[in-house]
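# Tertiary structure, described
Chain residues, written in single-letter form:
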Amino acid sequence: MSMPGFFTHVMLEKGWRYAYNYLHFLTFYNTKRPWLVKLLQWLEPYPAYIEIENTTFCNLKCLMCERTYWNEKSFSLSFDQFKSIVDQFPRLKWIGLTGIGESYVNKDFVKMLRYCKDERNLIVEIYDVFYFVDERKSEELIDLGVEQIYCSMDAATRETYDKIRVGSDFDRVVSNVRRFTQIKRRKGKFFPVLDFHFIVNKINYHEIIPYIHLISDIAPGSKIQFTRLLHRYPEIDHLYVDVPRQVIDQSFAEAGRLGVQIFWNQNAQLNKPSMQNCITWYMPFIFVTGEVIPCCSGNEANQRERQKALSLGNIFEQSFDDIWRGEKYKTLRRKIRNGKVADPCSDCCLYEKPGGCAT
């Protein structure tokens, strides 16, 4: 869809305030303009976008997920804890509510969504496996007007899917996706935009093209984001596979033939941009236990304790304003500005640096 067409839908369903928030997000967070990157790095504006992990409980044991290999006790944010975090960002425009857990296991998740939509008028993005998104939850998400949902679904067949998403059910997920799409069409709604996330590994590598066909059937008009395994660590190293340029080219050709829009995540690029181009520090990620890290790109490296030890502060122990203006954050932003790697960024898989994630 063209940008003017997209903003027409935003104005019709959301109004001018959401249109402004979208324009802000697309202008600043997604910018590739070097002069704008530099301007943000020098001005260091208080974050307008954040991600909050609302739970680390999960009903699945996905092969590529670091949580499957943790010894960490699981936690869920209460609504009051969540509100106390969000309220520290008075000019917040966008929020991601997904971490290393299944959001619907948190009994306060829908209440959090309602607060973001009804009280704060925020653009909301979530990732979900669609295991729990039955008819009632579909109606709820659509009526709330959540803007963006990514369905995490990594196979085109039941046999492959059930090997990867252990504890889930391929047929149930496909049924939930179909129903969600039908309900949205019946209600005549553009939002939530439903797109799909496919993490490429050795088990599902051969199903990239069939997957494009599947999504064109069960959710017409949806986009697909393909992502290589973000990090390599011992428990999942056997799943890692490089994605040849030929396969990427084939996926684009088939998607074009079917009218499906796809993109390959930045981590799939073999030649990374310089750390000096980083803009992701402008979207801090907050763990369910309160630790603040620069962004989400160090997640899924199975280095949770290390991430906590190198965090920039804990939002349950001090205000985010104090953390943001503290020496740790200042040092991190200064190093990024100079193209150096700060300790909390050592597992980044998006920008060029020595060591770290899979390359």
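Attention here is on the structure that accompanies the text. (Residues numbered from 1 in each chain as written. Predicted model: local features only at pLDDT ≥ 70, side-chain atom pairs only at ≥ 80, totals over all residues. Heavy atoms only, no water.)

### Remarks on the packing of helix 5 (residues 109-119) against helix 6 (residues 135-144)
To keep things clear, this is the line we draw: The axes are straight lines fitted to the C-alpha atoms, using for helices just the contacting stretch, and the angles between their N-to-C directions are given from 0 to 180°. Numbering of helices and strands starts at the N terminus; helices are DSSP runs of H or I of at least 4 residues and strands are runs of E of at least 2. Throughout this description, any angle smaller than 35 degrees is read as roughly parallel, any larger than 145 degrees as roughly antiparallel, any in the 65 to 115 degree range as roughly perpendicular, and the remainder as oblique. Should the near helix be turned anticlockwise from the far one by less than a right angle, the crossing is left-handed, and should it be turned clockwise, the crossing is right-handed. By definition in these notes, contact holds between two residues if any of their heavy atoms fall within 4.5 Å. Ten residue types, Ala, Val, Leu, Ile, Met, Phe, Trp, Tyr, Cys and Pro, are classed as nonpolar, four, Asp, Glu, Lys and Arg, as charged, and the remainder, Gly among them, as polar.
Contact geometry for helix 5 and helix 6: axes closest at 10 Å, N-to-C directions at 15 degrees. Between helix 5 and helix 6, the angle falls in the class roughly parallel. Taken as a pair, helix 5 and helix 6 cross one another with a handedness that is left-handed. In contact with Val110, Leu113, Arg114 and Lys117 of helix 5, helix 6 contributes Glu140, Leu141 and Leu144. Of the residues belonging to the contact of helix 5 with helix 6, the class tally is four nonpolar, no polar and three charged.

### Re the side chain of Thr55
Threshold: Type-normalised accessible area, obtained with a 1.4 Å probe on protein chains alone, sets the label of each residue: buried when under 20%, exposed when over 50%, and partly exposed for intermediate values. Pairing of N or O atoms within 3.5 Å defines a polar contact, subject to two protein rules: one partner must be a possible hydrogen donor and the other a possible acceptor, and residues neighboring in sequence count only if both atoms are side-chain atoms.
Tracing the backbone shows Thr55 in the loop between strand 1 (49-52) and helix 4 (79-86). The class for Thr55 is buried, based on a relative accessible area of 1%. Within the structure, the side chain of Thr55 is placed 3.2 Å from the backbone oxygen of Phe75, a separation counted as a polar contact. Thr55 has contacts with Phe75, Ser76, Ile100, Gly101, Glu102, Ser103, Asn106 and Val288, leaving out every residue within four places of it along the chain.

### Digging into empty space enclosed by the protein
Test applied: The method works on a 1 Å grid over the protein atoms by themselves. A cavity is a set of points holding a 1.4 Å probe that cannot get out, a pocket is an open set with protein on both sides within 12 Å along at least five of seven lines, and residues with an atom within 4 Å of a point line them. Grid points are joined across faces, edges and corners, and a volume is the space filled by probe spheres set on the points.
Within this structure, the stated rule accounts for one cavity of 30 Å³ or more. Space inside the largest cavity adds up to approximately 200 Å³. Taken together, the residues that form the lining of the largest cavity break down as twelve nonpolar, five polar and three charged.

### Examining the pairing of strand 3 (residues 123-128)
The side chains of a regular strand alternate between both faces of the sheet. We apply this condition: The pairing criterion is simple: DSSP has to find at least two bridges between the two strands. Crossover handedness is defined by viewing with both strands directed away from the observer: a clockwise path from the first strand over the helix to the second marks the crossover as right-handed.
Burial of strand 3 is extensive: five of the six residues sit out of reach of the surface. As paired strands, strand 2 (residues 94-96) and strand 3 are joined by three bridges and run parallel to one another. When the sheet's bridge partners are listed, Ile95 is paired in strand 3 with Val124. The parallel pair strand 2 and strand 3 is bridged by helix 5, and the resulting crossover is right-handed. Here four bridges tie strand 3 to strand 4 (residues 148-152), and the two strands are oriented parallel to one another. The residue bridging Ile126 from the neighbouring strand is Ile149, located in strand 4.

### Focus on the environment of Phe170
Its place among the elements puts Phe170 in helix 8 (residues 170-187). On the basis of relative accessibility, which here comes to 7%, the residue Phe170 falls in the buried class. For the pair formed by Phe170 and Thr8, sequence separation is 162 residues and the distance between their alpha carbons is 35 Å. Here Phe170 is in contact with Met153, Ala155, Ala156, Thr157, Arg158, Tyr161, Asp162 and Leu214, once residues within four sequence places are set aside.

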